[in-house]
Amino acid sequence: MAMNIRCCISRLINPAKVISPRCLSGDSYKGKLSPRVKRSRYITLASSGFTTIFAPMIAAKKFHLSSVWMALATGAPISLTYLYTGVIYYTTRNYVTEMRMEGDDKIVATKLSLFCRSYERTIDPKDIRVPVNVGVFESFEANGESYLIDENDITDKRLFECVTGLADKKREEGASG
């Protein structure tokens, strides 16, 4: 994959250079971390559910506590598992599992909801804003929504140009030259 991106970049810099046909294949982007992101979300959701169900039962049988103490004894583990679920969701909410170009004026990005259901967002390439300093959880932004991708996994040259800002630079150079 990294070699493919180098191929695309070298093609942008030196268009006369002969490159492999895979660079121009039109394949889409598939995130390598998608299975890990799904698994981590499933695990935190399951642990939150089990803790919510079983923590009060265990505390009531094991410690014979009054209702106030039982609420305190079960509240801590429940709130911690909800915190973990929230942290995992917050850090992975921008992750794009798949992305593809449809024509020249539409990018379709697939993300995951809190409960690991896939949903698609349609992006106009003109709306993409690439930050000067790419953040930890953001590769680019479009229509006020952040997207996190690994640029090394993109195999479509046009898609790579759009999400890295190279398409804008080519348009600006074409307009000024």
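What this report covers is the structure whose coordinates are included nearby. Bear in mind that the values here come from a model prediction, so they are computed numbers and not experimental data.

A few words now on the packing of aromatic side chains. In this structure the tally under the stated criterion is one aromatic pair. Taking 5.1 Å as the distance between ring centres and 10 degrees as the angle between the ring planes, the aromatic pair formed by Phe 140 and Tyr 147 counts as stacked. Each of the two residues, Phe 140 as well as Tyr 147, counts as buried. Lys 111 extends its terminal NZ or CZ atom over the ring of Tyr 147, reaching a point 4.5 Å from the ring centre.

We now examine helix H4 (residues 157-164). Counting buried residues along H4, six of its eight residues qualify, which places the element largely inside the surrounding structure. Restricting attention to buried positions, one finds in H4 the residues Lys 157, Leu 159, Phe 160, Glu 161, Cys 162 and Val 163. At the exit of H4 stands Gly 165, carrying a positive phi of roughly 90 degrees.

Our next topic: the pattern of salt bridges. Close approach of charged atoms allows side chains of opposite charge to pair. Under the definition given, this model contains eight salt bridges. Linking Lys 30 and Glu 98 is a salt bridge whose minimum nitrogen-to-oxygen distance equals 3.6 Å. Of this pair, Lys 30 sits in strand S1 (residues 29-30) while Glu 98 sits in strand S2 (residues 96-101); the two residues are 68 residues apart in sequence, bridging distant segments of the chain. Glu 98 gets classed as partly exposed once you look at its relative accessible area, which sits at 35%. Salt bridges sharing common partners tie together Arg 100, Glu 102, Lys 106 and Glu 120.

Conventions and cut-offs
- Throughout, a residue's number is its position along its own chain's written sequence, starting from 1.
- A pLDDT threshold of at least 70 governs which residues receive local features in this predicted model, and a stricter bar of 80 or more applies before side-chain atom pairs are shown or counted, although totals over entire chains, interfaces and linings include all residues.
- To obtain the side-chain values, all non-hydrogen atoms of the structure were included, while hydrogens and water were left out.
- Whether two aromatic rings pair depends on their centres lying within 6.5 Å, for rings of Phe, Tyr and Trp, where Trp uses its six-membered ring; planes under 30 degrees apart make the pair stacked, over 60 edge-to-face, and the rest tilted.
- Partly exposed describes any residue whose relative accessible area lies between the buried limit of under 20% and the exposed limit of over 50%, with all areas from a 1.4 Å probe on protein chains only and scaled to the type maximum.
- A ring is considered to have a charge above it if a Lys NZ or an Arg CZ atom is located within 6 Å of its centre and within 35 degrees of its normal.
- For the purposes of this entry, the term helix denotes a DSSP run of H or I that reaches at least four residues, the term strand denotes a run of E that reaches at least two, and both are numbered from the N terminus.
- A side-chain nitrogen of Lys or Arg and a carboxyl oxygen of Asp or Glu constitute a salt bridge if their distance falls within 4 Å.

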